[in-house]
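A closer look at the structure
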Amino acid sequence: MKIKEVKLHFIEMELINAFSTSYGTVKNRELILVEVKDEAGLVGWGEVVAFSTPWYTEETIQTCFHMLEDFLIPALLGEEIKHPNDVAVVFSGVKRNNMAKAALECAVWDLYAKQKRVTLSTLLGGTRKTVEAGVVVGISDLSSMINSIEQHVKEGYKRFKIKIKPGIDYELIKGIRKHFPTLPLMADANSAYTLQDIDGLKRLDEYNLMMIEQPLGSDDIVDHAYLQRELKTPICLDESIVSYEDARKAIELGSCRVINVKISRVGGLSEAKRIHDLCEQKGVQLWVGGMLESGISRAHNIALASLPHFTIPGDISASARYWNQDVIIPEVMVDKGDIMVPTRSGIGYEVNETYIQQIEKQVKQYTL
Ligand SMILES: O=C(O)CCC(=O)c1ccccc1C(=O)O
Ligand SMILES: [Mg+2]
């Protein structure tokens, strides 16, 4: 196939509740929805999930726009693509910028699945009919966090993640554990600690957390290996793993026992699948991470999470967890803690173009 046209839809959606991490707070979520079209007029969808500022990775919505417009879209338009795995090869002249690449690559996966009239899940080798839903609660005061966990327990979620940072950790987890002694609970630090905090991190071992996510530097796998040897709690890496090679090295060094896979962070579905296969082979657990994204990226996450070795519920929540209205039909629903893997072809959800037209700030179109 050849991609004949690419459209970038710039949107901004307000989160139902502001979301706070160790880095800061997100309330208005800027996103770029990416639409690719083949010669027959069939379309596929992807999404740029970088943030407006470079707090999570170095990329932003604007750097992704620059990469897409000036390098990635010109490289892709008109190229012969036999399989979505080829897209990474077409992009190989551009270093990193994984979120920009992933958005376009995911759109090609959706399109390719639609051409073949199969679900994206099937195309990737997915085996599950449902995926387990986990939910994330941002940093707030203890009683608000307990209330929102309570709510999410009622909604059926199967794994609960809280955000922590230095000074808002031990007492917070102690308070949550008092209310929910057996809850499948984990904590995400988003790189807020250093090895100097090791004594405090070791004290968290008493709370039986499923794992602690990304305690140390975003680009570190050496200090994490040291920390993992000192902790009973498994370490899960997020920011530190931006490629298959990173995953291989982290596993070899013993830097983590779990990996959070985000399609965007690793540059696309092909790389995410390679990491899945590696972890399966090495006996390392993994789950699918989230980016406060719209239903389009959420749909890609669901397809990925249907692969057999995604054994831990991911950060894949219902559309209604974050949005008053999502951009897909139907919206993502959680039923008794499970999300159905859609059975229609491609990402399996209809994109609500009428709604996108209402909320988009700008559209840019690129043709061959
Ligand atoms: O529910 C979600 O979409 C994931 C929430 C989350 O933890 C997160 C959200 C934004 C940026 C980074 C992270 C993270 O996993 O570290
Ligand atoms: Mg994380």
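Please refer to the structure higher up on the page.
None of the values given here were measured: they were computed from a predicted structure. (Residues numbered from 1 in each chain as written. Chains lettered and ligands numbered in written order. Predicted model: local features only at pLDDT ≥ 70, side-chain atom pairs only at ≥ 80, totals over all residues. Heavy atoms only, no water.)

1. Comments concerning the overall build of the chain
The number of helices and strands found in the chain is 13 helices and 15 strands. The globule rule puts the C-alpha radius of gyration for 368 residues at 21 Å, and the 20 Å found for the chain is close to it. Referenced to the eigenvectors of the C-alpha coordinate spread, the extents of the chain come out at roughly 60 × 40 × 35 Å. Within the chain, buried positions represent 59% of all 368 residues. Sequence separation of at least 24 residues holds for 72% of the intrachain contacts in the chain that already meet a minimum separation of 6. (Helix = DSSP H or I, 4+ residues; strand = E, 2+ residues; numbered from the N terminus. Rg over C-alpha atoms; globule rule 2.2 N^0.38 Å. Buried < 20%, exposed > 50% of the residue type's maximum accessible area, 1.4 Å probe, protein only. Contact = heavy atoms within 4.5 Å.)

2. Topic: the sheet that holds strand β8 (residues 212-213)
Two modes of strand pairing occur in sheets, parallel and antiparallel, and in both the strands are linked by backbone hydrogen bonds. Ordered by their spatial adjacency, 7 strands build an open sheet running β5-β6-β7-β8-β9-β10-β11, and the pairing between neighbours is parallel. In the strand order of this sheet, the two ends are held by β5 (134-137) and β11 (285-288), each with one partner. As paired elements, strand β9 (residues 235-237) and strand β10 (residues 258-261) share 2 bridges and run parallel to each other. Looking at the pairing, C236 lines up with V258 of β10. (Pairing = 2+ DSSP bridges.)

3. Structural notes on the sheet that holds strand β3 (residues 43-48)
Taken together, the 4 strands give an open sheet; going across it, the order is β3-β2-β1-β15, and neighbouring strands pair in antiparallel fashion. In the strand order of this sheet, the two ends are held by β3 and β15 (360-367), each with one partner. Adjacent strand axes in the sheet meet at a mean angle of 25°, parallel and antiparallel pairs treated alike. Strand direction decides the pairing type here: strand β2 (residues 25-38) and β3, joined by 6 bridges, are antiparallel. Its bridge partner lying in β3, I32 is registered against V48. In the packing of helix α3 (residues 98-116) onto the sheet, the strands contacted are β1 (3-20), β2 and β3, and the crossing angle to β3 comes to about 155°. Contacts between helix α11 (residues 295-305) and the sheet are confined to β2 and β3, with β3 contributing the most and set at about 100° to the helix. (Axes fitted to C-alpha atoms, helices over the stretch in contact; angles between N-to-C directions.)

Remember, this is a structural readout, not a statement about activity or role.
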